[in-house]
Amino acid sequence: MGATLDRSLRKARNHAAQGEPEEAARLYADVLAAWPGNRRARDGLAELGGGDPAKVLAGDGARLHRAGDLSGAAERYRQALALDPGQPQALGNLGAILLTGDDPEGAVPLCARAVAREPGFAEGWNNLGIARRGAGDAAGALEAFAKAAELKPASPEILSNLGASLSNAGRPEMAIRCLKAALSLRADAEAMKNLAPLVSGAEAAALLPQARALRDAAEDGPARLPAGYAVAALARSVGQFEEALAALAEAGRLGKQLSGYDAAGDAALFAEIEAAFAGEAPAVQVGEPLPAVPVFVLGMPRSGTSLAEQILASHPAVHAAGERMVLARLIGRAGGVTAAARPEGIAALREGYRAALAEHAGPGILAVTDKMPLNFRWIGHIRRALPEAKILHMRRCPEAVCWSCYRLHFPARGMAFSFDQGDLGRYYRLYDGLMAFWHRRLPGFVADVGYEALTEAPEPAIRTMMAHLGLPFVPELLAFHKTARIVETASAGQVRKPLYTGSSEEWRRYAGGLGPMLAALAGEG
């Protein structure tokens with residue numbers, strides 16, 4: 001080992017002497033990766049960087065970053081931060097890598113440290129807002145976007161992000177002003193997509209030609225996709241049903257192409273889930289008690305999960321944590337579905353989720369909601385790792401659910417099945433089959449809540465929900481639309497209105513153009 005160390009250091013010094021600082025930096029960094037306290041490697045980096053070895057490591061990370069080696073770049077940035085926790089290039093770039101890799105929870109502290117180091121950096125605040133939004137901290141995201149806009153009020157991207165957060169916070173008038181300001185600065189597809197659902201009538205009709213022009217002018221897929229969904233939303237708003245369907249079909253084809261979605265992957269995942277939980281459950285030591293009861297509100301997206309959580313948020317003993325990716329990430333870190341179902345995986349899930357739960361538990365809080373709809377896939381893991389948990393499963397008319405999913409753009413990973421009508425109908429059948437499996441395997445653990453029943457006769461449905469959770473019914477639950485909170489989903493506007501019926505019937509207006517979806521739902525595709 002000593003010979004290898006000496007050889008690496010000698011090579012690094014030779015490269016430095018020959019005027020090859022990048023090769024020298026790479027070797028010194030490799031030494032520090034294996035021997036973090038090595039003084040000679042630190043001194044060698046300091047000589048290369050004019051006394052700042054962290055800067056050299058960050059620079060080498062940037063070189064790897066540009067070359068597309070994200071894992072290598074991330075390792076260099078982490079090494080730089082080990083030497084200087086406030087190194088700005090390493091903080092910002094590592095945060096960007098984590099955001100690209102769908103790890104907003106990991107990006108949040110890095111982005112926060114970056115803006116603490118450079119409080120006037122608008123893009124840093126914008127990145128912090130994106131990270132907080134992805135981590136489920138909607139209020140923190142709004143605060144960060146507002147700060148970014150204060151520092152850089154002429155940035156279309158920042159204004160679009162701020163407008164979307166203002167909409168989710170129940171401030172549509174401010175959101176519309178913000179998004180229109182973004183569009184006045186640049187023809188921005190994302191801003192148009194965020195604005196389209198907030199307008200109606202003459203205002204929607206006036207925006208529709210702009211959205212069409214924006215879509216038609218977009219040559220690249222990433223810009224054309226949100227513009228297409230904006231056209232569909234505006235056309236639907238003004239009653240141009242055929243145009244709405246055509247825009248959705250075109251956007252969906254593009255979205256599926258860009259995502260690379262393969263329905264066989266989902267079918268294999270569901271088969272693996274059932275196989276992992278088909279036999280007898282192994283004995284598991286549950287470990288430390290949980291700081292609050294986790295309440296999983298799940299089901300197909302657009303089935304009423306946001307509505308159910310908004311109702312629960314009106315209870316004084318419930319904290320609504322929103323859509324959390326915690327469970328899916330913990331399962332991934334444990335090695336996937338099968339590995340996470342084994343005793344050691346279950347123990348890691350419990351400990352990881354217990355730590356995440358503690359962030360939201362506080363005085364007087366007895367239950368914390370997790371409203372990630374696709375958590376229906378992990379009910380078996382929940383039962384083994386968190387037997388104290390309560391599960392509310394939202395059920396809604398299949399056609400209404402699939403139509404609502406199809407007409408919306410879900411940029412989050414895991415929703416690519418919604419781009420294509422046939423894929424969507426087949427995914428619904430996979431979901432329906434898995435829920436039937438859970439009911440057979442875990443009788444009584446999951447409480448079904450009918451969306452239509454909840455909207456038509458709210459009080460008895462809400463009383464049944466609370467009985468399953470073991471919490472008392474309180475009158476505030478019926479006035480849920482008055483509860484002030486930010487909702488980071490497509491239902492942000494709906495949950496601030498009193499309950500209404502009939503929304504599950506809208507799909508019928510478009511039924512003539514939904515043949516592939518209806519056939520797949522019927523098992524014909």
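Refer to the structure printed above.
The structure contained in this document is the topic of the report that follows. Just so you know, these numbers come straight off a predicted model, no measurement behind them. (Residues numbered from 1 in each chain as written. Predicted model: local features only at pLDDT ≥ 70, side-chain atom pairs only at ≥ 80, totals over all residues. Heavy atoms only, no water.)

With respect to the overall build of the protein chain
How we decide: Each helix corresponds to a stretch of at least 4 residues labelled H or I by DSSP, and each strand to a stretch of at least 2 residues labelled E; elements are numbered beginning at the N terminus. Our radius of gyration is a C-alpha quantity, and the globule rule it is checked against amounts to 2.2 Å times the number of residues to the power 0.38. Think of it in three bands: with a 1.4 Å probe and only protein chains considered, a residue is buried below 20% of the maximum accessible area for its type, exposed above 50%, and partly exposed in between. Note on definitions: a residue-residue contact is assigned when non-hydrogen atoms from the two residues lie within 4.5 Å. Residue exposure ignores everything except the shown protein chains as possible cover, and the areas themselves are Shrake-Rupley values with a 1.4 Å probe. Under the counting rule used here, the positive set is Lys and Arg, the negative set is Asp and Glu, and His together with the chain ends is not counted. Lys charges are placed at NZ, Arg charges at CZ, Asp charges at CG and Glu charges at CD.
Looking only at helices and strands, the protein chain has 26 helices and five strands in total. For 525 residues, the compact-globule estimate of 2.2 N^0.38 gives 24 Å, and the C-alpha radius of gyration of the protein chain, at 25 Å, lies within 12% of that figure. If one aligns the C-alpha atoms of the protein chain with their principal axes, the spans along those axes are about 80 × 60 × 50 Å. In the protein chain, buried positions account for 50% of the 525 residues. Across the protein chain, every contact between residues at least 6 apart in sequence was considered, and the portion connecting residues at least 24 apart equals 69%. A total of about 22,400 Å² of accessible surface is found on the protein chain, and carbon and sulfur atoms cover 54% of it. Side chains of the protein chain give 57 positive and 57 negative charges; the mean places of these two sets differ by 2 Å.

Some remarks on the sheet that holds strand β2 (residues 318–320)
Which entries qualify depends on this criterion: When DSSP finds two or more bridges between two strands, those strands count as paired. For helices, the fitted axis covers only the stretch in contact; all axes are lines through C-alpha atoms, and the angles between them, taken along N-to-C directions, range from 0 to 180 degrees.
Spatially, the five strands line up as an open sheet ordered β2-β3-β1-β4-β5, and their pairing is parallel. The sheet is open, and its two edges are formed by β2 and β5 (446–450), each paired on a single side. Geometrically, the sheet is characterised by an average inter-axis angle of 25 degrees between neighbouring strands, direction not taken into account. Two strands pair when backbone bridges link them, and strand β4 (residues 390–395) and β5 are joined in this way by five bridges, in the parallel orientation. Bridged to Arg395 within β5 is Gly450. With respect to the sheet, helix α23 (residues 421–441) is in contact with β1 (293–299), β4 and β5, its orientation differing from that of β4 by roughly 140 degrees.

So, the nonpolar core
Short version of the rule: Here, nonpolar core refers to any group of buried Ala, Val, Leu, Ile, Met, Phe, Trp, Tyr and Cys residues whose side-chain atoms link them within 4.5 Å.
Core analysis: the largest hydrophobic core is formed by 143 residues, its most contacted members being Leu234, Phe296, Phe376, Ile379 and Trp438. Look past the residues within four positions of Leu234 in its chain and what remains in contact with it is Met192, Ala196, Val199, Ala204, Leu207, Leu208 and Ala211. Counting 23 residues, the second largest nonpolar core, distinct from the first, contains Val297, Leu307, Leu454 and Leu469.

Section: the pattern of salt bridges
To keep things clear, this is the line we draw: We define a salt bridge as a side-chain nitrogen of Lys or Arg found within 4 Å of a carboxyl oxygen belonging to Asp or Glu.
One pass over the structure, following the stated rule, counts 25 salt bridges. For Glu190, the salt bridge is made with Lys193, and the minimal N-O distance between the two is 3.1 Å. Placement of the pair is Glu190 and Lys193 together in helix α12 (residues 189–195), with a separation of three residues, close to one helical turn. Among the residues examined, Glu190 registers a relative accessible area of 33% and is labelled partly exposed. Overall, the relative accessible area of 14% leaves Lys193 in the buried class. A salt bridge links Arg236 to Glu506; the shortest N-O distance between them is 2.8 Å. Note that Arg236 is positioned in helix α14 (residues 221–237) and Glu506 in the loop between α25 (458–469) and α26 (515–521), a separation of 270 residues in sequence. Take Glu506: its relative accessible area is 17%, and that puts it in the buried class.

Examining the packing of aromatic side chains
Here is the rule we go by: Between 30 and 60 degrees the pair is tilted, below 30 it is stacked and above 60 it is edge-to-face, where a pair is any two Phe, Tyr or Trp rings, Trp via its six-membered ring, whose centres lie within 6.5 Å.
Tallied over the entire structure, the rule returns 10 aromatic pairs. Pairing Phe241 with Tyr510 gives two aromatic rings, centres 5.2 Å apart and planes at 75 degrees, and the pair type is edge-to-face. Taken together, the residues Phe241 in helix α15 (residues 241–259) and Tyr510 in the loop between α25 and α26 connect sequence positions 269 residues apart. Exposure remark for Phe241: the relative accessible area of 27% places this residue in the partly exposed category. Ring plane angle 70 degrees and centroid distance 5.1 Å describe the contact between Tyr428 and Tyr431, whose orientation is recorded as edge-to-face. In this pair, Tyr428 and Tyr431 both sit in helix α23, three residues apart, roughly one turn of the helix. Among the aromatic residues, those joined into a cluster by ring pairs are Phe270, Phe376, Phe417, Tyr427, Tyr428 and Tyr431.

Points about helix α16 (residues 263–276)
Rule in force here: Expected helix span is computed as 1.5 Å times (number of residues minus one). Here, the arc refers to the directions that run from the helix axis to the C-beta atoms.
The terminal C-alpha atoms of α16, which comprises 14 residues, lie 20 Å apart, in line with the 20 Å expected from a rise of 1.5 Å per residue. Among the residues making up α16, those that are buried are Asp266, Leu269, Phe270, Ile273 and Ala276. What you see down the axis of α16 is that its buried residues fit within an arc of 130 degrees, all on one side. Those residues of α16 that are buried lie in contact with α19 (337–340), α21 (379–385) and α23.

A few points about the side chain of Ser418
With respect to the helices, strands and loops of the structure, Ser418 is situated in the loop between α22 (398–406) and α23. With residues up to four places along the chain from it excluded, the contact list for Ser418 reads Cys405, Tyr406, Phe410 and Leu424.

Concerning the pairing of β1
β1 sits mainly inside the fold: six of its seven residues count as buried. Both β1 and strand β3 (residues 367–370) contribute to a ladder of four bridges, which runs parallel. From the neighbouring strand, Phe296 faces β3, where its bridge partner is Asp370. Pairing analysis gives five bridges linking β1 to β4, with the strands arranged parallel. In the sheet register, Gly299 faces β4, and the bridge partner there is Met394.

Examining the environment of Asp370
Formally: Under this definition, polar contacts are N or O atom pairs within 3.5 Å; protein pairs additionally need one hydrogen-donor-capable and one acceptor-capable atom, and for neighbouring residues in sequence, both atoms have to be side-chain atoms.
Take Asp370: it is sitting in strand β3. You can call Asp370 buried: its relative accessible area is 1%. Distance from Asp370 to Arg324, taken between C-alpha atoms, is 5.9 Å for residues 46 residues apart in sequence. Those residues in contact with Asp370 that sit more than four places away from it in its chain are Val295, Phe296, Val297, Gly322, Arg324, Tyr353 and Asn375. Side chain to side chain, Asp370 and Tyr353 meet in a polar contact 2.7 Å long. Among the polar contacts made by the side chain of Asp370, one reaches the main-chain amide nitrogen of Met372 at a distance of 3.4 Å.

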